[in-house]
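Below, each chain spelled out in residue letters.
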Amino acid sequence: MDRAGELRTNPEALLAGWESARILHFNGEGFLTAGGALRFVPSYEIPDSAETYFLGEDEKGTHYYVLNSTKFYGHHEDYKTIRELDLNDQEVGLAVHAQGLSLWHTRHPMCSMCGKETVARLAGSIRKCGASRSFPVDLSMLTPCARTTNGKRATKNRNQFFMSVNNKKFSD
């Protein structure tokens with residue numbers, strides 16, 4: 001699965017792939033399923049006002065999205081968490097990315113600088129505030145990696161003590 005970052009800035013390319021897109025529905029807790037497998041919602045069933053985020057495209061050029069909505073498509077029992085599903089490697093990657101991105105958007109509806117509402121931009125890869133031109137950052141994707149002074153060990157930079165002890169040397 002290619003996250004296809006270059007497509008996020010190309011609305012025409014995203015629109016061209018929308019009709020045949022495969023869209024996961026995440027309701028905040030689980031994914032829509034059918035027969036124990038992920039069920040993809042056809043694009044014509046998605047309202048224009050719905051929050052959808054681009055996940056990427058496969059080797060055939062099929063676009064994948066996640067619909068982030070608490071609305072149910074089917075019955076409550078049709079929704080399962082990732083742990084409840086038997087998924088292949090590609091499906092696990094899609095589901096983890098979709099869930100993480102959806103929860104990140106849900107948890108960052110307001111600007112941390114001015115308190116105004118943020119909106120999804122670049123096919124869901126960022127949220128932007130029009131007032132302060134600030135946006136929340138998904139730190140799970142942008143956390144720098146720090147190396148010890150001997151250069152042999154790498155760890156995520158989430159600990160101020162680690163950084164002060166190890167001379168603040170970042171990875172290349």
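Here, the structure is the one placed above.
Described in the following lines is the structure provided in the data block.

So, how was this worked out
Residues numbered from 1 in each chain as written. Predicted model: local features only at pLDDT ≥ 70, side-chain atom pairs only at ≥ 80, totals over all residues. Heavy atoms only, no water. Helix = DSSP H or I, 4+ residues; strand = E, 2+ residues; numbered from the N terminus. Expected span 1.5 Å × (residues − 1). Contact = heavy atoms within 4.5 Å. Polar contact = N/O pair within 3.5 Å; in protein donor to acceptor, adjacent residues only side chain to side chain. Salt bridge = Lys/Arg side-chain N within 4 Å of Asp/Glu carboxyl O. Buried < 20%, exposed > 50% of the residue type's maximum accessible area, 1.4 Å probe, protein only. Core = buried A, V, L, I, M, F, W, Y, C linked by side-chain atoms within 4.5 Å. Pairing = 2+ DSSP bridges.

## What about helix α2 (residues 89-107)?
Look at α2: 27 Å from first C-alpha to last across 19 residues, which is about the 27 Å you get at 1.5 Å a residue. Those residues of α2 that are buried lie in contact with β1 (22-26), β2 (31-34), β5 (52-57), β6 (63-68), β8 (119-121) and β9 (126-128). At the N-terminal boundary of α2, the capping side chain belongs to Asn88, with an oxygen 3.1 Å from the backbone nitrogen of Gln90.

## Comments concerning the pattern of salt bridges
As enumerated under the stated definition, the model contains one salt bridge in all. The salt bridge partner of Arg127 is Glu51, with a shortest N-O separation of 3.9 Å. Of this pair, Arg127 sits in strand β9 while Glu51 sits in the loop between β4 (40-41) and β5, and the two are 76 residues apart along the sequence. A residue is classified by how much of its surface remains accessible, and Arg127, at 6% relative accessible area, is buried.

## Looking at the nonpolar core
As a rule of thumb, nonpolar side chains are buried together in soluble globular proteins. Leu24, Phe31, Leu38, Leu55, Val66 and Ala98 are the most contacted members of the largest nonpolar core, which totals 17 residues. Looking at this core, the elements with two or more residues in it are β1, β5, β6 and α2. Counting residues in each nonpolar core, the second largest holds 14 residues, with Leu7, Ile23, Val41 and Phe54 among its members.

## Digging into the side chain of His25
Positionally, His25 belongs in strand β1. At a separation of 3.2 Å, a polar atom in the side chain of His25 contacts the main-chain carbonyl oxygen of Lys71. Apart from residues no more than four positions distant in its own chain, His25 is found in contact with Gly30, Phe31, Leu32, Val41, Leu67, Ser69, Lys71, Tyr73 and Tyr79.

## Notes on the pairing of β5
Counting buried positions over the six residues of β5 gives five, a clear majority of the element. The pairing of β5 with β6 spans five bridges and is antiparallel. Note that in β6 the partner of Phe54 across the bridge is Tyr65. Between β5 and β6, which pair antiparallel in sequence order, lie five residues; one of them, Gly61, sits at a positive phi of approximately 90°.

## Things to note about the environment of Glu29
With respect to the helices and strands, Glu29 occurs in the loop between β1 and β2. Given the relative accessible area of 60%, Glu29 is considered exposed. For the pair Glu29 and Gln99, spaced 70 residues apart in sequence, the C-alpha to C-alpha distance is 8.5 Å.

## Side note on unusual backbone geometry
One non-glycine residue, Leu122, lies in the positive phi region at around 50°. For Leu122, the location among the structural elements is in the loop between β8 and β9. The partly exposed category is assigned to Leu122, whose relative accessible area is 36%. Of note, the phi angle at Ala123 is positive, near 60°, even though the residue is not glycine. One can find Ala123 in the loop between β8 and β9.

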